[in-house]
Amino acid sequence: MTHRPDRPHPVLAGLDGVRAELENLYRDLHRHPELGLREHRTAGKAAEALRAAGYQVTEGVGGTGVVAVLANGDGPVVMARADMDALPVRERTGLPYASTVTAPGDDGAEQPVMHACGHDLHVTCLIGCARLLARAKDAWRGTFVALFQPSEEKGDGADAMIDDGLTSRAPTPDVVLAQHVLPLPAGYVGTRSGPFLSAADSLRVTVHGRSAHGSSPQNAVDPVVMAAMIVVRLQTVVARELAATTPAVVTVGSIHAGSSPNVIPDSAVLQLNIRTYDDSTRAQVLHAVERIVRAECQASGSPEEPEFERIATFPPTVNDDATTRRVAEAFAAHFGDDAHTVPLHTASEDMSKIPQAFGAPFTYWAIGGIDPARYAEAAAAGTVDQDIPVNHSPYFAPVVQPTLDTGVSALAVAALAWLGT
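Below or above, wherever it landed, is the structure these notes cover. Since the model is a prediction, treat every value here as computed from it, not as a measurement.

Here's the deal with the layout of surface pockets
Think of a ball as big as a water molecule: rolled over the atoms, this probe shows where empty space is left.
Now for step 1: What the second largest pocket holds in volume is close to 380 Å³.
Now for step 2: If you go around the second largest pocket, you meet 15 residues; those closest to its centre are L35, P88, D106, Q111 and K154.
Now for step 3: Of the residues that constitute the lining of the second largest pocket, the class distribution is five nonpolar, five polar and five charged.

Dropping the structure here:
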């Protein structure tokens, strides 16, 4: 049986008064998604809401980032961060507030855009928490900083804010907090000390061959065969080079070579994604990938060395132990049986870059957003992974209000673990 305090903290007592506005804001943000470093409308909504609540707001940090500061006497500085960007995904949910937005991609081609990863909810929850703190200033002391970060999906938004002087444009925090909605039951809050999310490295690898007509394969060095052998061999990195207790993932998500069925092309391009949880494993796997690619190219008689390009890099999310214990205790007191310890997750984030730039400890937690009955049914059948996709925003549409309540409350409860009087 879930326990919640009979008398909520004065900050949280104001949630009833903003609930309808927050739900409308969430639906509006979902209907108007924006790609990374183009979140002008979303950033404007956040800046407008917090300026009206009495925050000192700085816009345009790192392009579209927003920093809002509410100083409320002597005390700790608590920073909470939300990511703002959407994904190039076509929405097929049929929701009345579904996105119909399109935008040019990096190649200039028009593509659909959707909040498929919950950043619309993250923004809404942080705005809600910030507003509740502003309405109950007698109930806490210190400084609260709400930071809205662009372009998390590409891994360059935090870097853009840092490069634009973030550490001199915001007060140095004593702690940095963040959360992510995950495919878990609505009402669920989950913390974890130490490693939480994986590091992720995306690579583009080009292997070179020699082109020839399909009728004369003896005149070719076939990069398609070369790429195929590389894909097969890469599957042994985790299975045969790492201990069974060392988690890692190596995925080849894309292969492209040639354009004609009867012409052997002169090159092939593979795109890889690698996920690890510590620096030594990361270095070992990256070295193994390069070794295998070079060896297969040599074995095939490739006329040129392969090319390696790092597309994106996300550091591991490793929660500070003392900070996480403090938040976990606050969650247990407020959420009762809905407060959990979560397992390692193979998703990746760039959230840790911002606290590391300030030299501040941080913790990152998960909130659930799936209808509890649907989740319980999938769990009982052992089909959670198949029935509850990771790109999950549309799946919490039936439970928007309880998910928002949990997200706003979790941010406020965690912040008050430092700011509470």
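Some thoughts on empty space enclosed by the protein
Now for step 1: Here the structure, examined in full by the defined rule, presents one cavity of 30 Å³ or more.
Now for step 2: Within this model, the largest cavity holds a volume of roughly 30 Å³.
Now for step 3: Taken together, A80, R81, A82, H122, L126, Q179 and L411 make up the lining of the largest cavity.
Now for step 4: Elements supplying a minimum of two residues to the lining of the largest cavity: β3 (77-83) and α3 (119-135).
Now for step 5: With three residues, the top contributor of residues to the lining of the largest cavity is β3.

Focus on the side chain of T324
Now for step 1: With respect to the helices, strands and loops of the structure, T324 is situated in helix α8 (residues 321-335).
Now for step 2: Looking at T324, the relative accessible area reads 2%, which means it is buried.
Now for step 3: At a separation of 2.7 Å, a polar atom in the side chain of T324 contacts the main-chain carbonyl oxygen of D320.
Now for step 4: With near-sequence residues (within four places) excluded, T324 lies in contact with T191, R192, S193, N319 and T363.

Focus: the pattern of salt bridges
Now for step 1: Using the criterion set out here, one finds 19 salt bridges in the structure.
Now for step 2: Across the pair D16 and R19 runs a salt bridge whose closest N-O atoms are separated by 2.7 Å. One end of the pair, D16, and the other, R19, are both in helix α1 (residues 15-31), three residues apart, so they sit about a helical turn from each other.
Now for step 3: The partner of D164 in a salt bridge is R169, with the nearest N and O atoms 2.9 Å apart.
Now for step 4: Look at the salt bridges and you will find they share partners, linking R81, D83, E349 and D350 into a network.

Calculation rules
Residues numbered from 1 in each chain as written. Predicted model: local features only at pLDDT ≥ 70, side-chain atom pairs only at ≥ 80, totals over all residues. Heavy atoms only, no water. 1 Å grid on protein atoms, 1.4 Å probe; cavity = no way out; pocket = protein on both sides within 12 Å on 5 of 7 lines; lining within 4 Å. Points joined across faces, edges and corners; volume = space filled by probe spheres on them. Nonpolar A, V, L, I, M, F, W, Y, C, P; charged D, E, K, R; others polar. Helix = DSSP H or I, 4+ residues; strand = E, 2+ residues; numbered from the N terminus. Buried < 20%, exposed > 50% of the residue type's maximum accessible area, 1.4 Å probe, protein only. Polar contact = N/O pair within 3.5 Å; in protein donor to acceptor, adjacent residues only side chain to side chain. Contact = heavy atoms within 4.5 Å. Salt bridge = Lys/Arg side-chain N within 4 Å of Asp/Glu carboxyl O.

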